[in-house]
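Below, each chain spelled out in residue letters.
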Amino acid sequence: MSRSIVRQSKFRHVFGQGVKAEQGYDDIRVSKVTWDSSFCAVNPKFLAVIVESSGGGAFLVLPLSKTGRVDKNYPLVIGHSGPVLDIDWCPHDDNILASCSEDCTAMVWQIPDHALTRPLSDPVVVLEGHSKRVGIVTWHPTARNILLTAGSDNLIIIWNVGTGEPLISMDDHPDLIYSISWNRNGSLFCTTCKDRRLRVCDPRKREVVAERLAPHEGIRPMRAIFTRDGNIFTTGFTRMSQRELGLWDPTNFEEPIALLELDTSNGVLLPYYDADANMVYLCGKGDSSVRYFEITEEPPYVHYLNTFSSKEPQRGMGFMPKRGVDVSKCEIA
């Protein structure tokens, strides 16, 4: 009897916890660029944050062990001649970080294990191939030294970082690309674009293998990520500018698996997916909450779990790889 009332789930009681003041970082001047990226990235060793800098672009790399107030003169990573728009840690090497910028380049950096003592200005490799600003940079999940960049020239380039050569470039997008997400093994990636289409691309064939016009009817930016079973989770807006979530099967794009209206707000929802728990965390710029949902195989497919609320509105979010969570405290994300 009771089973039909309460859904069985290991993650129904997941809750968020803010850190104590002394475990946080103070006095970081986060970048004021209006680009919709997460502005920070984290791995088991370091936290990287894009910061305000006069003349050019810079970001800050702090060891996770060194918390507290950040010195005003703390050395930055400087190398871009325009504001930095996106950063991403390499999944295979915790000391390698990629960044991209309004100066039309992407750069790959080797961060030393000890804290920086002077500004780092020499990247390992500079990737030049875009004619306009580069807004998205993301590493391949399984192959080493493979990096994908996307720019405002509507071009997607996949690079071999070891040689600095472009391997594949795709120009199937007629307009600005909002987001790109690899699937679990890196054989496909999905993109959302300003022309309101959701596309699934096969980089080896260099073609779009599936697409769907307007998974969300609103004209505001959309985001899409692959789930572990190959479905695509999207966030967007309805025609009435309400925020909306969707779950789609790329082999059958006609009907959504699930479509869920959330609330009315301007911030684009940035989804972060945890493949082990099959959970999605949503944070919006300017929101002061993080909502999380569980994706299951039985209806209604996307289950709302809970919301973590904080006093301060958030500017960005970084998602720690599973190797960096504290299992002894039952941390899952």
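This structure is a prediction, so every number in the text was calculated from the model and none was measured.

Conventions used here
Residues numbered from 1 in each chain as written. Predicted model: local features only at pLDDT ≥ 70, side-chain atom pairs only at ≥ 80, totals over all residues. Heavy atoms only, no water. 1 Å grid on protein atoms, 1.4 Å probe; cavity = no way out; pocket = protein on both sides within 12 Å on 5 of 7 lines; lining within 4 Å. Points joined across faces, edges and corners; volume = space filled by probe spheres on them. Helix = DSSP H or I, 4+ residues; strand = E, 2+ residues; numbered from the N terminus. Nonpolar A, V, L, I, M, F, W, Y, C, P; charged D, E, K, R; others polar. UniProt positions renumbered as here; feature names shortened; annotations may be inferred. Salt bridge = Lys/Arg side-chain N within 4 Å of Asp/Glu carboxyl O.

(A) Seen up close, the layout of surface pockets. Estimates place the volume of the largest pocket at around 2,500 Å³. Around the largest pocket, the lining is made up of 47 residues, and of these Gln17, Gly18, Val19, Phe308 and Gly318 lie nearest the centre. Looking at the lining of the largest pocket, the elements that each hand over two or more residues are strand E1 (25-26), strand E2 (40-42), strand E3 (46-51), strand E24 (279-284) and strand E25 (289-295). Considering only residue class, the lining of the largest pocket consists of 26 nonpolar, 13 polar and 8 charged.

(B) Representation of the UniProt feature "repeat: WD" (unreviewed entry) in the protein within the structure. UniProt tags residues 77-119 and 127-169 as "repeat: WD" (unreviewed entry). This span, residues 77-119, is 0% helix and 51% strand, and a straight line between its end C-alpha atoms measures 6 Å. Annotated as residues 127-169, this span is 0% helix and 56% strand, and its ends, taken at the C-alpha atoms, are 13 Å apart.

(C) Looking closely at the pattern of salt bridges. Evaluated as defined, the whole model comprises 16 salt bridges. Here glutamate 217 ties to arginine 239 by a salt bridge, and the two come within 3.6 Å at their closest N and O atoms. Of this pair, glutamate 217 sits in the loop between strand E18 (207-213) and strand E19 (223-226) while arginine 239 sits in the loop between strand E20 (232-237) and strand E21 (242-248); the two residues are 22 residues apart in sequence, bridging distant segments of the chain. We note a salt bridge from aspartate 287 to arginine 243, for which the minimum N-O separation is 2.7 Å. With aspartate 287 in the loop between E24 and E25 and arginine 243 in strand E21, this residue pair connects regions lying 44 residues apart in the sequence. Salt bridges sharing common partners tie together Arg184, Asp274, Asp276 and Lys322.

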